[in-house]
Amino acid sequence: MPPILRHPGLWPTLAVLTVLCLLVAAPLATILGETLGSAAWAEVLASRLSRNLLWRPLATTLTIGVAVAAGCLLIGGFLAWLVTMTDVPFRRSIGFMATLPFMIPSFATALAWGTMFSNGRTGGAGGMLEGLGVAVPDWLAWGIVPVILVLIAHYYALAFTVISAALSSVNGDLIDAAMMTGASRRRIVTGIVLPVVTPALLAGASLAFAGAVSNFATPALLGLPVRMQTLSTRLFGMIEIGQTERGYVLAILLIAVSAVFLGLGNRLLAGRRSFATITGKGGRGRVMELGRARWPLCALALLICLVTTILPIILLAAASLAPMSSALFSDWTLHYWIGEADPAFARGLAGILHNPQLLTALGVTMGLGISVALAANAVGLVVAVTTTRWHLPLLTGAATQLSFLPLLLPGIAFGAAYIALYGAPIGSFPALYGTPLLLALALTAAMLPFAVQTGRATVAQISGEIDEAARITGAGFLRRLWSITLPLAAPGQIAGVLLIFVSVIGDLAIVVLLYTPATPVLSVLSYRYASDGFHQFANAVTLVILILSIAATLVAQLLRKRQRNAA
Amino acid sequence: MITLENLVKAFGTGNAPVVDDVSLSVPAGAFLVLLGPSGCGKSTLLRMLAGLENPTRGTIRFGDTLVASASQSLPAGQRGVGLVFQSYALWPHMTVAGNVDWPLKVSGLDPAIRRIRVAEALDLVGIADLAGRYPAEISGGQQQRVALARMIAPRPQIMLFDEPLSNLDASLRVEMRHELTRLHAATGATTVYVTHDQVEAMTMASHVAVLNRGRIEQFGRPGDLLTQPATAFVARFVGTPPANLVPVQAGAWLGLLPDPALRGATGLAMVRAQDWHLSGPGPRSLPAQKIEVVPLAGRLVVTCKLGDQRVTVIAEPEAPLPADLHLALPEAPYALFNIEGQPLP
Ligand SMILES: Nc1ncnc2c1ncn2[C@@H]1O[C@H](COP(=O)(O)OP(=O)(O)OP(=O)(O)O)[C@@H](O)[C@H]1O
Ligand SMILES: [Mg+2]
């Protein structure tokens, strides 16, 4: 028997690998297989249709990606610089608020944009600005400009996180050392500062780019009404009208586009020339004195943060109460929340709390959120334990790669892959389409990278010397588990679960292809209301999601803080 | 030659100065060590020499040139100084050779000359084979050598070091001490070296300035610090092991054992570890408790508790420690200081 067959880690690793194959590899292999040799490739890539099917949406998608990446770099980079390198007041608060927009689903921000800027062009009364008598031009109300702005407001938080982490590790001595050579200020900036921070800037930009090109909700809400198509909305449209093979081809292309840029970003972050400071100890941080610009810059930063976090929430709340979004703060009514059906009002639709579908959706969403969070977390922990404990040639590497692969997959393409595999019966195994299980599986797979990350942090925390220290006291396994491992791991694990919960209930891209009327979820419901023109209802539903998200985020934040204090 | 006159540095107005009225002068080619505990202002003083901070008051002269005063300051790049940072501050995006080359490039040297200088510098610190690596790909000791090479390649007239060895392990530190001495001899550059390790000061310095809270406690040759400590602070800071300072009151050791050799003083009596010895009870001895025993060069350094103070004493390894441990006092203290730590005549 070859030694590998007797390896104690073989069976656990194989088991983990099987689960990962079913969750991640198989759906991808299916869309590849289904389109292999299919005529759809030619139709999409080179036919009379391909201009509308692929090239124009691709051009729009790339334009959006580049513009959003640039915008995020500018705003995220500016805030990161302010927070890590200057003496701006309220640094900690700005640093905290700048990470929040990522917690607000992008369709919430998009809806808020509509509340403010929409005009009568696509029917309806127009938004708040029109109500104030401002004629909003089409380019500001619909299409590529608002899509780009909304996506920047959403993804700059990502760029901020990456860049500020990098900047805070840049050692002020590096710059002093350059000053010692007598180099000019400009030469120091171009020769030392920029090259040192560039990898972080590019990594932040490529993350924002990948996020923007795969985003579905924003172009769907702000672009589709004026027939602006991106790869993700095109892919959605193809599958909705039953042209699944073309849809799959688009999904593969979308994955390729976003993966190339994400891969690039990761490379830069991990590269040997990256910002990571080479140092013994004793480097001094360098705080730049802003002088008179201190308060104006602080105000600007706070304004950016407020406009991208609190303002959309206020707009949504007001718009869920006002009959006309052109008069956001008058005639408030709770009808859209609790009203009975009334033919004279809102085309006879009852308030969302009387809508049986909403209650079902609330149940399904909560159920999905909780079960996916727990399941993903469990799988993530097992994957983390298995891949850190045993190192089998090929197998361990494959498991690790597979568990992080979903990071590269745009949600809507992932949804398409799941339909391809589990949408139809497999042998005697019934089709999962129309069951919550399909949604749960897809979401679990999509959340795996975060769960594995949490799992690894936990494993790193509880293995090693801390556990050994307890073992030396003679404590048995259960005793150690109960009084050392669990208390240490619990806050991190719970925080991980909560963050997955937030991502799940705010997700639209994955579920929009997978839901059926039998399995409604809140985000899709809100999207449906919005695309049918019932904005108040859409806003109300979105607010419900936001309230759940904020509550979960705050709890997670609290737990993190407690954990950090304990460490 | 470096001359400091009444040098003061305070961060922000109204704050207590971090460097307080420092004056000293060393000849060209000297190896000056700034010695002092953490936070005493050593790095700040060094950074003023480098041109990275400006003095609040006072002047810095290199030879006859005034390089810094409260009103004017020669930029760092024009002072002809090189600095090795405690954190090394290697530029992570350049190779080892690139790091050494960049300052030369900035100064506008010919590429051919630069190549020779880089090779020379790398050779001198013994890392010629690492030229193509990035800083992240070499060890801490090697990074240290890159930082040295980068400093010496432009041939500065003055070399500055900020605790360059504090991140290295003990054996590497001994080796690098030797390397630095060799480097100093090879370049002949005037050197200012900051450390809190008195061994480094004793082994490498031609001149030592002991700093405490921004002020100079003593400035002199390394040997002088041992034989003629100017203050109690210096006596307690230098020597291996450092000298003991035993409280005396009205001419009595610990206020208990009167001794005419104390001349009625109240303050601190300096007793070097080799000046007293362990004994049993006796007329000129004080009771003590043993804390630890460290073998050193064939003898023992015994740390004891005397009153509420730790003191050290040298003992011979053959003689067993007395059961009822006492310290037999010397004929006379090596020196006497008053309560403020100033020497008594
Ligand atoms: N930029 C600054 N602003 C305000 N205070 C400073 C600044 N730099 C140093 N200080 C203060 O000046 C004092 C001396 O600092 P310095 O770095 O010179 O000490 P050091 O002797 O080098 O200490 P160490 O051995 O720990 O490096 C410290 O109390 C420090 O807090
Ligand atoms: Mg220092």
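What you see is a predicted model, and the numbers here were worked out from it, not measured in a lab.

Looking at the overall build of chain B
Counting its secondary structure elements, chain B contains eight helices and 21 strands. The principal-axis extents of the C-alpha atoms in chain B amount to approximately 80 × 50 × 30 Å. By residue count, 53% of the 345 residues in chain B fall in the buried class. Long-range pairs, those at least 24 residues apart, make up 63% of the contacts in chain B between residues at least 6 apart in sequence. For chain B, the accessible area works out to roughly 14900 Å², and carbon and sulfur atoms hold 53% of it. Both charge centroids of chain B, one from 28 positive and one from 29 negative side chains, sit 5 Å from each other.

As for the domain arrangement of chain B
All names here are of chain B. Taken domain by domain, chain B holds domain 1 (2-230) and domain 2 (240-338). Distance between the C-alpha centres of domain 1 and domain 2: 39 Å. Taken together, the six residues of domain 1 in the interface contact four residues of domain 2. Here domain 1 packs against domain 2, burying approximately 350 Å² in sum over the two surfaces, 51% of which is carbon and sulfur. Counting the surface domain 1 buries against domain 2, the share from its top three residues, Gln198, Thr227 and Pro229, is 68%. Between the two partners, domain 1 and domain 2, sit zero salt bridges. For the pair domain 1 and domain 2, the number of links is two residue pairs in polar contact (both at pLDDT 80 or more). A class-by-class count of the residues in the side of domain 1 that touches domain 2 yields four nonpolar, two polar and no charged.

Remarks on unusual backbone geometry
Residue and element names in this part refer to chain B. The amide bond that connects Thr240 to the next residue, Pro241, takes the cis arrangement and shows omega of -10°. If you trace the backbone, Pro241 turns up in the loop between α8 (232-237) and β11 (244-249). Non-glycine residue Asp21 carries a positive phi angle of around 55°. If you trace the backbone, Asp21 turns up in strand β2 (residues 19-26). By relative accessible area, Asp21 is classed as partly exposed at 37%. Despite not being glycine, Leu254 shows a phi value in the positive range, around 55°. By secondary structure assignment, the location of Leu254 is in the loop between β12 (252-253) and β13 (257-258). Owing to a relative accessible area of 25%, Leu254 belongs among the partly exposed residues under this scheme.

A word on the packing of aromatic side chains
Inspection of the entire model under this criterion finds 15 aromatic pairs over all chains. Pairing B:Phe31 with B:Tyr193 gives two aromatic rings, centres 5.8 Å apart and planes at 40°, and the pair type is tilted. Of this pair, B:Phe31 sits in strand β3 (residues 31-35) while B:Tyr193 sits in strand β8 (residues 190-195), and the two are 162 residues apart along the sequence. What links up through ring pairs into an aromatic cluster is the set A:Phe216, A:Phe236 and A:Tyr527. Positioned above the aromatic ring of B:Trp91, the side-chain terminus of B:Arg150 is 4.2 Å from the ring centre.

Focus on the site of ligand 1
Neighbouring ligand 1 are eleven residues, the closest being B:Ser38, B:Gly39, B:Lys42, B:Ser43 and B:Thr44. At the site occupied by ligand 1, nearby residues are drawn from chains A and B. Protein chains bury 60% of the 630 Å² of accessible surface belonging to ligand 1 in isolation. In the shell around ligand 1, the residues fall into three nonpolar, five polar and three charged.

Focus on the packing of helix α15 (residues 294-308) of chain A against helix α16 (residues 310-319) of chain A
All names here are of chain A. Two elements in contact, α15 and α16, have axes whose closest approach is 3 Å; the angle formed by their N-to-C orientations is 35°. Contacts between α15 and α16 involve Cys305, Leu306, Val307 and Thr308 on the former and, on the latter, Ile310, Leu311 and Pro312. Residue composition of the contact of α15 with α16, by class: six nonpolar, one polar and no charged.

Focus on the sheet that holds β2(B)
Residue and element names in this part refer to chain B. Here we have four strands laid out as an open sheet, ordered β2-β1-β4-β5, and antiparallel in their pairing. Both outer strands of the open sheet, β2 and β5 (65-68), are each paired with one neighbouring strand and no more. Direction aside, neighbouring strands of the sheet carry axes that sit 25° apart on average. Judged from the five bridges that link them, strand β1 (residues 2-9) and β2 form a sheet pairing that is antiparallel. Paired with Thr3 across the bridge in β2 is Ser25. Here helix α1 (residues 42-50) sits on the sheet in contact with β1, β2 and β4 (57-62), set at roughly 120° to β1.

Description of the UniProt feature "domain: ABC transporter" (unreviewed entry) in chain B
In the numbering used here, UniProt assigns the feature "domain: ABC transporter" (unreviewed entry) to residues 2-238 of chain B. Secondary structure within residues 2-238 of chain B divides into 35% helix and 24% strand; the distance between the first and last C-alpha atoms comes to 24 Å.

Here we look at the environment of B:Asn54
All names here are of chain B. By secondary structure assignment, the location of Asn54 is in the loop between α1 and β4. Sequence-wise, Asn54 and Ala119 are 65 residues apart; in three dimensions their C-alpha atoms are separated by 34 Å. Not counting chain neighbours up to four residues away, the residues in contact with Asn54 comprise Lys9, Met48 and Ser73. Within polar-contact distance, the side chain of Asn54 engages the side chain of Ser73 at 3.1 Å.

Thoughts on the confidence of the model for chain A
Residue and element names in this part refer to chain A. Mean pLDDT over chain A: 82, with 89% of residues reaching 70 or higher. Confidence, expressed as mean pLDDT per element, reaches its minimum in chain A at helix α22 (residues 465-472) with 70 and its maximum at α15 with 93. Across residues 274-283, where pLDDT falls below 50, the model places 35 contacts with residues more than four positions away in sequence or in other chains.

Concerning the confidence of the model for chain B
For chain B, per-residue confidence averages 90 on the pLDDT scale, and residues scoring 70 or more make up 100% of the total. Among the scores for the predicted complex, ipTM is 0.80 and pTM is 0.77.

Quick notes on the environment of B:Ala170
Its location among the elements puts B:Ala170 in helix α5 (residues 170-187). Sequence spacing of B:Ala170 and B:Ile339 is 169 residues, and the spatial spacing of their C-alpha atoms is 36 Å.

Brief notes about a nonpolar patch on the surface
A cluster of nonpolar side chains, A:Phe477, A:Leu478, A:Leu481, A:Trp482 and A:Leu486, forms an exposed patch at the surface whose accessible area comes to about 590 Å². Its place among the elements puts A:Phe477 in helix α23 (residues 477-505).

Rules of the game
- Residues numbered from 1 in each chain as written.
- Chains lettered and ligands numbered in written order.
- Predicted model: local features only at pLDDT ≥ 70, side-chain atom pairs only at ≥ 80, totals over all residues.
- Heavy atoms only, no water.
- Helix = DSSP H or I, 4+ residues; strand = E, 2+ residues; numbered from the N terminus.
- Buried < 20%, exposed > 50% of the residue type's maximum accessible area, 1.4 Å probe, protein only.
- Contact = heavy atoms within 4.5 Å.
- Areas by Shrake-Rupley, 256 points an atom, 1.4 Å probe, with all protein chains shown as cover.
- Lys, Arg positive; Asp, Glu negative; His and termini not counted.
- Charge placed at Lys NZ, Arg CZ, Asp CG, Glu CD.
- Domains from an automatic or database assignment.
- Buried area = accessible area lost by both parts, 1.4 Å probe.
- Salt bridge = Lys/Arg side-chain N within 4 Å of Asp/Glu carboxyl O.
- Polar contact = N/O pair within 3.5 Å; in protein donor to acceptor, adjacent residues only side chain to side chain.
- Nonpolar A, V, L, I, M, F, W, Y, C, P; charged D, E, K, R; others polar.
- Phe/Tyr/Trp six-rings, centres within 6.5 Å; stacked < 30°, edge-to-face > 60°.
- Lys NZ or Arg CZ within 6 Å of the ring centre and 35° of its normal.
- Near = heavy atom within 4 Å.
- Axes fitted to C-alpha atoms, helices over the stretch in contact; angles between N-to-C directions.
- Pairing = 2+ DSSP bridges.
- UniProt positions renumbered as here; feature names shortened; annotations may be inferred.
- pLDDT = per-residue confidence, 0-100.
- Patch = residues over 30% accessible without salt bridge, like charges linked within 9 Å, V, L, I, M, F, W, Y side chains within 5 Å.

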